[in-house]
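Per-entry structural report
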Amino acid sequence: MSTKTILVTGSRGLVGQAIKYTIETEPVESRFGKRDNETWIFTTSADADLRDHEQTRKLFDKYKPTHVIHLAAVVGGVFANMRANATFLRDNMLINDNILHTAHLTKVDKVVSCLSTCVFPDKVAYPIDETKVHLGPPHASNFGYAHAKRTVDIQNHAYHEQYGCNFTSAIPTNVFGPNDNFDLDDAHVIPALIHKCYLAKDNQTPFIAAGTGKPLRQFIYSRDLSKMFIWMIREYDDVEPVILSTGEMDEITIKQASDAIVKAVGFKGEYSFDPTKTDGQYRRPVSNEKLLSLMGGFEFTPFEEALDFTVKWFMENYDTARTGTKKNSSTASVA
């Protein structure tokens with residue numbers, strides 16, 4: 001049996017920490033647990049600035065990976081994206097190009113890159129599936145980040161066609177879980193709402209969420225998602241991307257998510273929405289039919305159970321969680 005060195009970039013983040021947790025806690029030699037012929041290397045921005053080609057090459061030369069799960073990215077919520085589309089575009093283009101080209105030069109066996117459902121067109125027939133990535137422009141609010149991520153799919157095909165590289169990509173829906181970014185200025189919707197509600201409870205102030213609460217989202221628990229990435233790096237060998245998501249029937253409104261957060265946090269105060277704030281896209285339902293057919297089914301953690309665990313983790317780890325500057329007031333954003 002050949003040995004594998006699996007390098008995970010961006011492992012300080014939500015998904016990287018979830019993959020590390022799963023590898024360390026699932027039974028050894030199980031479908032998602034650690035295997036004797038595998039060495040897992042979890043790297044962060046402290047190991048290399050992946051926007052820099054030389055630093056990226058030194059990272060690969062140091063660990064000599066045979067496989068790469070590429071999670072590193074410059075990310076943020078809808079307001080952060082609207083403020084800095086050029087930054088999100090350029091930084092992510094540099095990171096992705098350096099990872100894929102270095103993987104090619106060093107003859108890495110497989111790369112699985114993490115995209116996002118924001119790559120899909122703003123106006124497209126629902127449900128969205130893997131064939132619709134390039135059918136129109138993405139939503140204007142985060143077009144820089146979306147185009148940078150779309151380009152990964154183009155690069156995967158180009159490297160596969162010209163060099164035979166086994167490069168592919170995963171497209172997760174809205175991810176949440178322990179170790180998320182809870183910074184109120186640039187967090188995604190679930191962690192932003194959790195942090196906002198926590199502060200409202202702690203300070204005995206109203207909990208006000210941005211927007212109308214009407215947009216619909218499919219959310220996936222990070223530790224469920226981690227198992228899908230492990231499956232992909234071991235078992236999936238096709239250049240075409242795979243959507244990693246719960247089913248369409250699991251779509252819920254932002255208000256439903258907020259109600260569940262209020263319950264999980266134990267908030268008893270005044271709670272409302274601010275309709276003067278943007279909602280972002282109303283909905284973007286995706287199909288997980290391809291994923292389930294390839295994996296042979298998957299048992300997802302129920303939303304409220306996953307949310308309860310996430311809230312508990314955040315409250316127990318508030319002093320060390322990624323919260324940015326500790327704030328007394330803000331408005332959570334939908335992303």
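Anyway, here's the lowdown on the structure attached to this text. (Residues numbered from 1 in each chain as written. Predicted model: local features only at pLDDT ≥ 70, side-chain atom pairs only at ≥ 80, totals over all residues. Heavy atoms only, no water.)

Before going further, it helps to examine the environment of Glu248. Residue position: Glu248 is located in the loop between strand E10 (242-244) and strand E11 (252-253). In sequence terms Glu248 and Trp40 are 208 residues apart; their C-alpha atoms lie 33 Å from each other. For Glu248, the residues in contact, after removing those within four places along its chain, are Pro127, Gln218 and Val286. (Helix = DSSP H or I, 4+ residues; strand = E, 2+ residues; numbered from the N terminus. Contact = heavy atoms within 4.5 Å.)

Attention now goes to the pattern of salt bridges. Using the criterion set out here, one finds ten salt bridges in the structure. A salt bridge links Arg57 to Asp61; the nearest nitrogen and oxygen atoms lie 3.0 Å apart. On the criterion of helical spacing, the pair formed by Arg57 and Asp61 is a turn pair, its members being four residues apart in helix H2 (residues 53-63). Arg57 gets classed as partly exposed once you look at its relative accessible area, which sits at 30%. Overall, the relative accessible area of 37% leaves Asp61 in the partly exposed class. Note that Asp237 and Lys110 form a salt bridge whose closest N and O atoms lie 3.0 Å from each other. (Salt bridge = Lys/Arg side-chain N within 4 Å of Asp/Glu carboxyl O. Buried < 20%, exposed > 50% of the residue type's maximum accessible area, 1.4 Å probe, protein only.)

In this section: the sheet that holds E10. Two modes of strand pairing occur in sheets, parallel and antiparallel, and in both the strands are linked by backbone hydrogen bonds. Spatially, the six strands line up as an open sheet ordered E2-E1-E3-E4-E5-E10, and their pairing is parallel. Two strands bound the open sheet, and with one partner strand each, they are strand E2 (38-42) and E10. For this sheet, the mean angle separating the axes of adjacent strands, direction not counted, is 20°. In the packing of helix H1 (residues 14-25) onto the sheet, the strands contacted are E2 and strand E3 (67-70), and the crossing angle to E2 comes to about 150°. (Pairing = 2+ DSSP bridges. Axes fitted to C-alpha atoms, helices over the stretch in contact; angles between N-to-C directions.)

Moving on, we come to unusual backbone geometry. In this structure, Pro127 follows Tyr126 across a cis peptide bond, with omega equal to 0°. Here Pro127 lies in the loop between strand E4 (110-114) and helix H5 (143-163). Of note in the backbone geometry, Glu29 takes a positive phi value of approximately 70° without being a glycine. Position of Glu29 relative to the elements: it lies in the loop between H1 and E2. We classify Glu29 as partly exposed; its relative accessible area is 44%. Of note in this structure, Gln204 is not a glycine but carries a positive phi near 55°. Locating Gln204 in the fold gives a position in the loop between helix H6 (189-203) and strand E7 (207-210).

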